[in-house]
Amino acid sequence: MKIARRIALTASLTFGALASSMANADDFSPELIERGSYLATASDCIACHTGPGGKPMAGGLPIVSPVGTIVSTNITPSKPFGIGSYTETQFANAVRKGVRADGTNLYPAMPYTSYSVMRDEDIQALYAYFMKGVKPVEESPSETRLPFPMNIRALMMGWNLVFRNDKRLAEDRRKSVEWNRGRYLVEGAAHCGVCHTPRGFFMQEKTDRYLSGSQVGSWYAPDITSDKMTGIGTWTQEDLVTYLRTGRILSKALAAGSMAEAISHSLSHLADADLNAIATYIRGVPSTKTAPQASAPTRFGQGKTANELSGFRGQGFANGTKGDQAGAHLYSANCASCHGYNAQGTKDGYYPSLFHNSANAGDNPSNLIAVILFGVDRETIDDHVFMPPFGDQPNAINVLGNAEVALLANYIFKNHGNPNLKVTPEDVQVIREGGPRSNLLAVARIGMGTGAVLILLLTTFAWFVSRSIFKRRLL
Amino acid sequence: MASETGAEVVIVGTGVIGAVIAEQLLDEGHSVLMIEAGPRVSRAEIVENFRNVPLGAKGDTSASYPPRPWAPHPVADDKPEDQYLQLTGPDSYAQTFVRYAGGSTWHWAGTCWRLTPDDMRLRSLYGVGRDWPFDYDTLEPFYVRTEHKLGICGPSDPAMQWPARRSAPYPMEALPFSPGEQRFTEVVKTLGYNNIPVAQARNSGIPYDGRPSCCANNNCVPVCPIGAKYDAATSLARLERKGANILVDSVVYKVETNARNKIEAIHYYDQHKQAHRVTGKLFVLACNGLENPKLLLMSADDRNPNGVANSSDQVGRNMMDHPQLTLTVTTREPFWSGVGPVVNSGIIETSQGAFRSEYAGAYFRYNNFGRSRFVTFAALKKGLIGKALDEEIRRMTACTADIVAAHEILPDPNNRLTLSDKKDWLGLPKPAIHYDVGDYVRKSSEVYSLPIGKRIAEAMGAIDLKISPKFSQSKHIMGGTIMGEDPGSSVVDVDCRAHDHENLFIPGGGAMPSTACGNSTITMTALAIKAADAIARQMRGV
Amino acid sequence: MGPPKRANEPPPFRRVMKAMDRQPKEPNHLPTMSRRDALVGAVVAVLAGGMVASTHTSLALAAVEPSTQVRFMRMSRLLINHQLSPDVGARIVETMAGEYPDLPGMLDAIISIAERNHAAVVEDFFADIPDGELKDFAHWVILVWYSGCSSEKANATVFAYEEALTFKTTSDVVTVPSYGLSGPNRWSQIAVPVANMPTF
């Protein structure tokens, strides 16, 4: 599937080049279209705007958000079903302001709050690419139907008033050209903050906690500020560039979930100069901690090698599932074949150790649960990293229930990760279902309900009052 | 007795044959009921079972798959009176099939040698055995579909392919050799032989079909811990998502015919010995080359006194396998088996030639199992301690290797499965098999295969050579429901449809008229896909 | 402040044991315990006792005295000069205790032969173990640690699989079956010389 996307991208680019050479109106040069294609890759449009098994940019991907499921739209140049009739200004407004050609608002699942920094010439290149470099798909994906009151798109106007940022980035002369380029990419196309910055109650990014870590559905996008303890302050430039290109630094970090997608579709295809620019900028993002912290191990250096095999080895499968060794037994039966019976991984490090592994440490247990349930599927230029899932997928190698995942995760945290992390079967179910839900929906409903009751009371009171005035007048 | 409607298509068995046919028919919109004699188990349990088996018994595949009482399969450990197979004859037909959901591909090695055009024309070319009723080019497209369905990796270089006559490349490239195989390849080249990669149903370098890639667990037999090797168990959840109804712990004991001698229903016992009857439009027997003929014989009725589908009297006859001899070689220099999958390469060109008019072809496979479990107790028995013990174990692990010579065999109607008078837990007759590998095979070992094997051992620099004194079987069950054009001398037609009953299909190893030397699963599965095409046409009324 | 020390933490235990094993050969000196030895022995006993107590509740440890476990591990390390897992040792002792009524006596007998010879390695004293029951026992202990089983029979008791020493003699080249060796298609071991024994 992911290979198909790459091929499709290349094919659509070729088609686009062909088309532009045939066009007489809308004369976009092949160079402009190619630059637009590169920017679209950097912005990772394809990741959201392509449905499972679907055609590139034709929409249809259900995006589970804390307030409901949003379905991505068709942004191919189809006139009836896509954006084929958009002018460049309408395109710019959609991308930078979250406003559709018909004036309705987009939900900020479309990261227009990030893309708002994109320069006019880059918007033009993107427009050229989407008009000429993408194959039109004459199909409409299903409509987004968020629960009331989120389905009232007009409410987004108020949200945008408070939280949208319409400014372009001003160049910071004190910093290098590379840093500025990095900032433009990070805050714009690569929209790192959309995942890595925690959100407030109204689902807005908290700019004072920039890149300090946030829940993204089932996964947790960790702190990537330069904090030496909670962030990636201990990483070198080369570490970060390698990670962005491949999704892996041995015994430090491995990308899964949405980050794996970002690397597969976007970051692994960027030019070295841009990866270095991104790394330069990110490594300069300050820690958001205000008070000094007591020293503690980073999420990259926790845990140890160990096994608890003698609790059940040679005593029959059924015995192993009971008692104190159930977690160790689950590890042996499900994980050890690749990750080693001492959790040491393979000698070449391809299958990572589970100690000194940031998935099992840090402050948030989501990633370990998510990787057990969903596995890893990460394609880069020359590799396809795959860990099978253990949820209830048809290709799950073994199917683990919530209680088993909790036992297994707690065993791994205790022996190979951060022993202070502990999860319950209920926690596992939350991750299985796509992550914690926001209270915003409930509060909005209560709020609107309260508002409605108030209006009703006021109206009723006003009616009584007017009646009594009338009565008095009559008398 | 409960009676329930089954489905349009009722498939007995959930091994590779049943799974492949089920998926194709489900994709065409038919309803499918699969009936499995044994249990559904998790991979985790089998993996831990294997790890818990004592080191000295790890070579016994049945040790990881304890059978359920209602679905007995052979257990090496069983006392004679408890044995499931009643074996007679000068050669043993011992088998290790698994009656679990997923069938025997749970523990196969994944080896996928295609037949060659010559392998299918023994009678015409050499005056022995039987010809297949169609040629290689007819079967070839089904091989391609099998290779893509199971995920079979193989060499892209035609010089290394077997045979090179193919209409499509393998979906994945061949796997790397172990040091032992690399050395073996060099050594046998000096004798003029080519040790080539085995095509195998194993994910090579990339994930395939939602399953991870091989990471050299070296445990394919008895179980791949991660599902990189294709086994039918990996497809069961997908079949259920597509709408298959899979009954487990349900032992089919009777195929019921109606007045028009079409198949009307299937009868099975559940684990509480309650009988059930299910009906369908079309029936597929896919419970392996031994259980299929046994079931047909058990189903004898007034219309079919010799057994269902048995007007030819060939059901249960022509039982075949690949008789094998093992050469255990101790070398001076280290070869190191055990890196990579357990069977990864072999010399197969020795299976072809004009000599086949007189004696059997043979194939020499380099057994790439890690040697530790083979050599540890021998080293300890020498009374060694300390450094000397460590060095001896290491030396023997590095410097011993098993080369297995697997022979083709001819169909002999006297190599026959019948119903014994011994009963199993459900009261069903245990199968009796009389087996003699025949002079065709014995002569080969005398004048052909063992002389070659000895020359190979010598070229390897053997300082010791042990050869198995008797043939054992490769556990590739073939022939018991043999295919042919003549209903007088065969059980099924070119699509594995029973000659006697147009809505009964019996695809699998039992249909193969010749064995050649290579493992049978790929050919069986190609026949299954061919049968599925025929079933689909039949269901469409074409 | 990390989690409490677990039974499976070799370093401090092993360092102490090696110190004990490497007693200098003193001529004309009977193997009486020096004050240092006694102190070290006491520390070891306390540590081992603590470790044994924290091993899994599935073991019927009430039947085995901590000191028997300690002596078994000591004897095992004298017979086999490699790192040995105390958890596996506990499993072995638990099973043995029923089979060998005079287990403590046999352990002491072998330990004293080693001490009498000032043995640094097993080759220093093994020949002096008298033939018969004691020597058979010593061979059996070696078999158990190397194979992880009580015998080569199909119905042997299994104490260990992954940690059986046989696999450690060849861990540089071959995997323990059912455990991955490398990333996909990245196994490229060459025919390593037999002489390169791994350390374990």
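Residues numbered from 1 in each chain as written. Chains lettered and ligands numbered in written order. Predicted model: local features only at pLDDT ≥ 70, side-chain atom pairs only at ≥ 80, totals over all residues. Heavy atoms only, no water.

**Some thoughts on the domain arrangement of chain A**
All names here are of chain A.
Item 1. As far as domains go, chain A holds domain 1 (25-163) and domain 2 (177-283).
Item 2. Here domain 1 and domain 2 have C-alpha centroids that lie 22 Å from each other.
Item 3. Residue-level contacts link 19 residues of domain 1 with 20 residues of domain 2.
Item 4. Roughly 1,700 Å² is buried in total at the junction of domain 1 and domain 2, and carbon and sulfur atoms are behind 62% of that figure.
Item 5. At the surface where domain 1 touches domain 2, the tally comes to zero salt bridges.
Item 6. Between domain 1 and domain 2 we count six residue pairs in polar contact (both at pLDDT 80 or more) in total.
Item 7. Elements represented by at least two residues in the side of domain 1 that touches domain 2 include exactly helix 2 (30-43), helix 3 (45-49), helix 5 (112-115) and helix 7 (155-163).
Item 8. The greatest single-element share of the side of domain 1 that touches domain 2, amounting to four residues, is contributed by helix 2.
Item 9. Classifying every residue of the side of domain 1 that touches domain 2 gives 12 nonpolar, four polar and three charged. (Domains from an automatic or database assignment. Contact = heavy atoms within 4.5 Å. Buried area = accessible area lost by both parts, 1.4 Å probe. Salt bridge = Lys/Arg side-chain N within 4 Å of Asp/Glu carboxyl O. Polar contact = N/O pair within 3.5 Å; in protein donor to acceptor, adjacent residues only side chain to side chain. Helix = DSSP H or I, 4+ residues; strand = E, 2+ residues; numbered from the N terminus. Nonpolar A, V, L, I, M, F, W, Y, C, P; charged D, E, K, R; others polar.)

**Here's the deal with the packing of aromatic side chains**
Note on aromatic pairs: each is described by the distance of the centres and the angle between the planes.
Item 1. Summed over the entire model, instances satisfying the criterion amount to 28 aromatic pairs over all chains.
Item 2. Measuring from centroid to centroid gives 5.3 Å for Tyr129 of chain A and Phe130 of chain A, while their planes differ by 70 degrees, and the two rings are edge-to-face. You'll find Tyr129 of chain A and Phe130 of chain A in the same group, each marked buried.
Item 3. Here Tyr100 of chain C and Trp140 of chain C contribute two aromatic rings whose centre-to-centre distance is 5.8 Å and whose plane-to-plane angle is 50 degrees, an arrangement assigned as tilted. Placement of the pair is Tyr100 of chain C in the loop between helix 4 (86-99) and helix 5 (103-116) and Trp140 of chain C in helix 6 (residues 133-147), with a sequence separation of 40 residues. For the pair formed by Tyr100 of chain C and Trp140 of chain C, the shared burial category is buried.
Item 4. Taken together through their ring pairs, the aromatic side chains of Phe28, Phe91, Tyr127, Tyr129 and Phe130 of chain A make up a single cluster.
Item 5. Seen from the ring of Tyr161 of chain C, Lys58 of chain B lies directly overhead, with NZ or CZ sitting 4.0 Å from the centre. (Phe/Tyr/Trp six-rings, centres within 6.5 Å; stacked < 30°, edge-to-face > 60°. Buried < 20%, exposed > 50% of the residue type's maximum accessible area, 1.4 Å probe, protein only. Lys NZ or Arg CZ within 6 Å of the ring centre and 35° of its normal.)

**Details of the pairing of strand 8 (residues 275-285) of chain B**
Residues and elements named next belong to chain B.
Item 1. Of all 11 residues that make up strand 8, nine are buried, and the element is covered over most of its length.
Item 2. Here strand 7 (residues 263-270) pairs with strand 8 via five bridges, running antiparallel. Counterpart to Tyr268 in the pairing with strand 8 is His276.
Item 3. Here strand 7 folds back onto strand 8 in antiparallel fashion, the turn holding four residues, of which Lys273 has a positive phi close to 65 degrees.
Item 4. Of the strand pairs in this sheet, strand 8 and strand 17 (residues 504-505) are connected by two bridges, and their pairing is parallel. Its bridge partner lying in strand 17, Phe283 is registered against Leu504. (Pairing = 2+ DSSP bridges.)

**A few points about the interface of chain B and chain A**
Item 1. In this assembly, 23 residues from chain B lie in contact with 22 residues from chain A.
Item 2. Of the roughly 1,800 Å² buried at the junction of chain B and chain A (both faces included), carbon and sulfur atoms supply 57%.
Item 3. Three residues, Glu48, Arg51 and Asn52 of chain B, lead the burial of chain B against chain A; their summed loss comes to 27% of the area buried on that side.
Item 4. When the shortest N-O distance is used, the salt bridge between Glu48 of chain B and Arg313 of chain A registers 3.0 Å.
Item 5. Counting across the chain B and chain A interface gives 10 residue pairs in polar contact (both at pLDDT 80 or more).
Item 6. Of all the secondary-structure elements, those providing two or more residues to the side of chain B that touches chain A are helix 2 (43-52) and helix 6 (236-241) of chain B.
Item 7. The dominant element in the side of chain B that touches chain A, judged by the number of residues it contributes, is helix 2 of chain B, at eight residues.
Item 8. Among the residues making up the side of chain B that touches chain A, the classes are represented as eight nonpolar, eight polar and seven charged.

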